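Residues per chain, in single letters:
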Amino acid sequence: MAEIRYYSQEGLDKLKEELHYLKTEGRANIAKAISEARDKGDLSENAEYDAAKEAQGHHEAKIAQLEDALAHARLLDESTIDTSKVLALSIVKIRNKGNNAVMTFQLVAETEADMKSGKISVNSPIAQGLLGKSVGDVAEVQVPAGKMELEILEISR
C-alpha cells in the first residue's frame, strides 16, 4: 500500500494540472511522434519509432505515478495548523548556532519542495530535526557536512 502524502492546496493543484497535461497534450504529442516515425518506413530498423515507443512507455509510467500520488494525497488545511510546534506546512524561522545565519523555511510535501522559494521537504534531515519542536528549542540535525544546531525563533503558517 502506498504511503499517504500531505499537500497544500497549491501543491495538490499543481499535481492535478500536471496529470491533466500529460493525459491530454502529452499523449497527443507522443501519438504524433509515433505516427510520424511509422510513416518513415520499415519499423524493424526504425530507431525513431523505437525511441517514440520508449518515450510513450515513460510517459504512461509518469501518468500512473501521478494517479497513484493523487489517490493517496490528503489536503492539509493551513488555517488549522497549530503554530505552537513545528508541523508539516509550518513556516519556521531558525538560527544556525554555528554561524548565526537566520533562515526561514516552509515544510512541505516532497513533491512541493523548492529551495529557491524557501520550501523544504518534510522528509529532509533539517525538517525531520525540526518537527515537533517549539519556539526556543534547539534541534540537533545531522547533515552531510556534520551536525548543525538550529534554534527555532518563530513558527507561523
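Because the structure is predicted, anything quoted here is derived from the model rather than measured.

## Quick word on the layout of surface pockets
At step 1: One number sums up the size of the largest pocket: a volume of about 230 Å³.
At step 2: Around the largest pocket, the lining is made up of 13 residues, and of these G11, K14, L15, T111 and E112 lie nearest the centre.
At step 3: For the lining of the largest pocket, the element with the most residues is helix α1 (residues 9–38), which contributes five residues.
At step 4: Partitioned by chemical class, the residues of the lining of the largest pocket number three nonpolar, three polar and seven charged.

## Digging into the pattern of salt bridges
Should the charged atoms of two oppositely charged side chains come close, the side chains can pair.
At step 1: Taken as a whole and assessed by the stated rule, the structure comprises eight salt bridges.
At step 2: Measuring nitrogen to oxygen at the nearest pair gives 3.2 Å for the salt bridge that ties K119 to E10. With K119 in strand β5 (residues 119–121) and E10 in helix α1, this pair connects stretches of sequence that are 109 residues apart.
At step 3: R27 is paired through a salt bridge with E60; the nearest N and O atoms lie 2.8 Å apart. Here the residue R27 occupies a position in helix α1, and E60 occupies one in helix α2 (residues 47–71), the gap between them amounting to 33 residues.
At step 4: Accessibility expressed as a relative area gives 31% for E60, which makes it partly exposed.
At step 5: Connected via shared salt-bridge partners are E10, K14 and K119.

## Description of the UniProt feature "domain: Transcription elongation factor GreA/GreB N-terminal" (unreviewed entry) in the protein
At step 1: Feature annotation in UniProt places "domain: Transcription elongation factor GreA/GreB N-terminal" (unreviewed entry) on residues 6–74, given in this structure's numbering.
At step 2: Between the C-alpha atoms that bound residues 6–74 there is a distance of 5 Å. The span itself is 80% helix and 6% strand.

## A look at the packing of α1 against α2
At step 1: The interhelical angle for the contact between α1 and α2, taken along N-to-C directions, is 165°, at an axis separation of 9 Å. Here α2 runs roughly antiparallel to α1, going by the angle between their axes. As for how α1 packs across α2, the hand of that crossing is left-handed.
At step 2: Its residues assigned to classes, the contact of α1 with α2 shows 15 nonpolar, three polar and ten charged.

Scoring rules and cut-offs
- Residues numbered from 1 in each chain as written.
- Predicted model: local features only at pLDDT ≥ 70, side-chain atom pairs only at ≥ 80, totals over all residues.
- Heavy atoms only, no water.
- 1 Å grid on protein atoms, 1.4 Å probe; cavity = no way out; pocket = protein on both sides within 12 Å on 5 of 7 lines; lining within 4 Å.
- Points joined across faces, edges and corners; volume = space filled by probe spheres on them.
- Helix = DSSP H or I, 4+ residues; strand = E, 2+ residues; numbered from the N terminus.
- Nonpolar A, V, L, I, M, F, W, Y, C, P; charged D, E, K, R; others polar.
- Salt bridge = Lys/Arg side-chain N within 4 Å of Asp/Glu carboxyl O.
- Buried < 20%, exposed > 50% of the residue type's maximum accessible area, 1.4 Å probe, protein only.
- UniProt positions renumbered as here; feature names shortened; annotations may be inferred.
- Axes fitted to C-alpha atoms, helices over the stretch in contact; angles between N-to-C directions.
- Parallel < 35°, antiparallel > 145°, perpendicular 65-115°, else oblique.
- Left-handed = near helix turned anticlockwise from the far one by under 90°.

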